[in-house]
Amino acid sequence: MKYKANPLRGLPTNRPPSGHWYYTDDVWRAEHSKIFASAWSCVGTAEKLKNVGDFFATSAIDTPAIVTLAGRDAVKAFANICVHRGARLVTGCGTTESF
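Scope of this entry: the structure provided in the associated data block.

What counts and what doesn't
- Residues numbered from 1 in each chain as written.
- Predicted model: local features only at pLDDT ≥ 70, side-chain atom pairs only at ≥ 80, totals over all residues.
- Heavy atoms only, no water.
- Pairing = 2+ DSSP bridges.
- Helix = DSSP H or I, 4+ residues; strand = E, 2+ residues; numbered from the N terminus.
- Phe/Tyr/Trp six-rings, centres within 6.5 Å; stacked < 30°, edge-to-face > 60°.
- Lys NZ or Arg CZ within 6 Å of the ring centre and 35° of its normal.
- Axes fitted to C-alpha atoms, helices over the stretch in contact; angles between N-to-C directions.

Description of the pairing of strand β3 (residues 74–79)
Then, in step 1: Sheet analysis places strand β2 (residues 63–71) next to β3, joined by six bridges and oriented antiparallel. Along β3, the bridge assignment pairs T68 with K76.
Then, in step 2: Joining the antiparallel neighbours β2 and β3 is a turn of two residues, in which D73 adopts a positive phi near 65 degrees.

Here's what the structure looks like:
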């Protein structure tokens, strides 16, 4: 089923949407661009980053990410993709001096 510019338009508010709303690629892309890509997404908790240099690998929607404690009260996130080969840079969690 193909949708026009906004497949989320016309979604009924008084009952659950029909099944195709849960598995259609067009709906997923619209949700991604109109809802999730324009807002902050929780990808972890501060407890995972106790010391400077601590990091964990995660995913923000469909983008692999690295979250690290870069300094006192400085949490940073980066794409977890090597621009040269397209491979993941890290997996799991750990501590490092630099990326």
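As for the packing of aromatic side chains
Then, in step 1: In total, this model carries zero aromatic pairs according to the counting rule given.
Then, in step 2: Note that K48 overlies the ring of F56, its terminal NZ or CZ placed 4.7 Å from the centroid.

Some points on the sheet that holds strand β1 (residues 54–60)
Then, in step 1: Strand order in the open sheet made by the four strands is β3-β2-β1-β4, with antiparallel pairing throughout. The open sheet has two free edges, formed respectively by β3 and β4 (93–95), since each of these has just one partner strand. Direction aside, the axes of adjacent strands within the sheet are offset by 30 degrees on average.
Then, in step 2: In this structure, β1 lies alongside β4, joined through three bridges in antiparallel fashion. Within β4, the residue paired with D54 across the bridge is T95.

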